[in-house]
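Read off the chains here:
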Amino acid sequence: MKNTVMPNIEKDVNIHLENKYESRAFFWFLWILYAVVSMTKNCYNGALASIVSEGILTKSQTGFISAMFFAVYAPLQIGCGFVADKFSPERIIKIGLIGAAISNIIIFFNQNYYVMLAAWIFNGIIQFGIWPSIFKIVSSQLVRSERTQMASYISFAASFGYFLSYIVAAVVPSWEYNFSISAASLLIFAVLLHIFEKHLNPYMKWDKIEKVEAKTKTDIPATKIFAKSGFYFVLISSFLAIIVSQSRSSLNSVMLFENYDNISPSLGNILTSVFIICGILATIIAKKFAGKMKNEMKTMIIIYAAMLPFLSACILVGKIQVSFVIIAMCFVACFESVANLAKNYYTMHFIKYGLNGTAAGILNGGAGFSYVIAGYIIPLIIENFGWRATISLWSLLIVATIIVILLGLKTFNAFTKNGI
């Protein structure tokens, strides 16, 4: 029987837009929103070079704060993808925005180490559902014909947010202002999202669930779908690769100013923002060839293999000219971004099973555990063994990433050919 009740975007899940203009406007609003969220999550990393150079905290202390954010954030991601599939993703996003703003306000007014630690842990808890909810909206609520395209665009919103965090860190008079800017931005977007929801309600339509899709969703366990698709291989490989990408991006500025006398913390932040821009541009270019990305896992293997020589060349940091290191890191950032795009495309395979939010949440949870290691363990390795040993470890982790994806390639090929 046809549902005649008007959908309510704050309560209903199985709804979508059919108006392309409204769909595109909502997507770009969400794109900016997620970029801002990514900027705020990267506050500590953006301020890390200044904090370390001023002697306020050590690399491992600041890294511990960042690591604890992800220590609570990561396990929640595993379940929150399921929540985003069952409850209004817009409401989950608003809860995360308001809670994160409160956390940033506390840190701006009180820079006690333990207060900052507690506030950042709360931030990790309250933001549990933002990314799975955004991915759920992009892959399920926007106009059907543009969902794949929008999924590729959303993949570099996080990179743009990281870029903003380093630019802000380079220009603010003191690192504490990173948090005041973040708090204000989050509150503004919470209000704007609420307004947008009211505007979109009349444009929302109920999903038409075909019987075959309903049977697929209810009769096949999610664990079996994930196993048959090679999902767990992607999860493990993503965990390994993100340890490298997150620790590299957060510590680039520290690496440069500690190994080269002519690089200041502020210049290090600016150079890091250049790496991020390179990654964004690479994603935009790669998106134009998305039609040729027929096998996402094979694409990831090729990308990581191409990245490995450039990453390994940085083992000579401090012994070779800084320009060579900067160029190599630009290429590494480009390859990382394209691999992330391929992973987003891979996640789209689960839309027809109603598991796209769940898959995105689990992958983001794996990324969260990677951030714990990247934020705390990697700085400890740097302090005890130096940069060259750390970069050697990064290279080995990428080799392991390639091997894991290779192990899952046959399973994924069978999945794309024969289904479940």
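In what follows, the structure referred to is the one given above.
Residues numbered from 1 in each chain as written. Predicted model: local features only at pLDDT ≥ 70, side-chain atom pairs only at ≥ 80, totals over all residues. Heavy atoms only, no water.

## A word on the pattern of salt bridges
For the coordinates displayed, the defined rule picks out three salt bridges. Here Arg24 ties to Glu146 by a salt bridge, and the two come within 2.4 Å at their closest N and O atoms. Of this pair, Arg24 sits in helix H1 (residues 20–41) while Glu146 is found in the loop between helix H6 (130–141) and helix H7 (147–154), placing the two residues 122 residues apart along the sequence. In this structure Glu146 comes out as buried when scored by relative accessible area, which is 6%. Note that Lys94 is salt-bridged to Glu197, the shortest N-O span being 3.1 Å. Remark: Glu197 occurs in helix H9 (residues 177–200) and Lys94 occurs in helix H4 (residues 89–109); sequence separation between them is 103 residues. (Salt bridge = Lys/Arg side-chain N within 4 Å of Asp/Glu carboxyl O. Helix = DSSP H or I, 4+ residues; strand = E, 2+ residues; numbered from the N terminus. Buried < 20%, exposed > 50% of the residue type's maximum accessible area, 1.4 Å probe, protein only.)

## Brief notes about helix H12 (residues 231–259)
A rise of 1.5 Å per residue sets the reference length of H12, with its 29 residues, at 42 Å; its end C-alpha atoms lie 39 Å apart and thus fit the reference within 8%. By the largest-angle criterion, Leu251 marks the main kink of H12, which is about 55°. Burial runs high along H12: 22 of the 29 residues are buried. (Expected span 1.5 Å × (residues − 1). Bend = angle between axes of the 7 residues up to and from the residue.)

## Describing the side chain of Ser370
Note that Ser370 resides in helix H16 (residues 356–385). According to the relative accessible area criterion, Ser370 is buried, its value standing at 0%. Among the polar contacts listed, one links the side chain of Ser370 to the backbone oxygen of Phe239, at a separation of 2.7 Å. Setting aside residues no more than four positions away along its own chain, Ser370 makes contact with Ser238, Phe239, Ile242 and Ile243. (Polar contact = N/O pair within 3.5 Å; in protein donor to acceptor, adjacent residues only side chain to side chain. Contact = heavy atoms within 4.5 Å.)

## Some details on the packing of aromatic side chains
Within the structure shown, the criterion is met by 27 aromatic pairs. Measuring from ring centre to ring centre gives 5.2 Å for Phe226 and Phe350, while their planes differ by 70°; the resulting arrangement is edge-to-face. Here the residue Phe226 occupies a position in helix H11 (residues 222–228), and Phe350 occupies one in the loop between helix H15 (322–347) and H16, the gap between them amounting to 124 residues. Residue classification places Phe226 among the buried positions, given a relative accessible area of 4%. Three or more aromatic residues joined by ring pairs make a cluster, and in this case those are Phe226, Phe231, Tyr232, Tyr346, Phe350, Tyr353, Phe412 and Phe415. (Phe/Tyr/Trp six-rings, centres within 6.5 Å; stacked < 30°, edge-to-face > 60°.)

## Points about the packing of H1 against helix H8 (residues 157–171)
Where H1 meets H8, the closest approach of the two axes is 7 Å, and the angle between their N-to-C directions is 50°. As the angle between them shows, H1 and H8 are arranged oblique. Our pair here, H1 against H8, has a crossing hand that is right-handed. Across the interface between the two elements, Trp31, Tyr34, Ala35, Ser38 and Met39 of H1 pack against Ala157, Ala158, Phe160, Gly161, Tyr162, Leu164, Ser165 and Val168 of H8. For the contact of H1 with H8, the class distribution of residues is ten nonpolar, three polar and no charged. (Axes fitted to C-alpha atoms, helices over the stretch in contact; angles between N-to-C directions. Parallel < 35°, antiparallel > 145°, perpendicular 65-115°, else oblique. Left-handed = near helix turned anticlockwise from the far one by under 90°. Nonpolar A, V, L, I, M, F, W, Y, C, P; charged D, E, K, R; others polar.)

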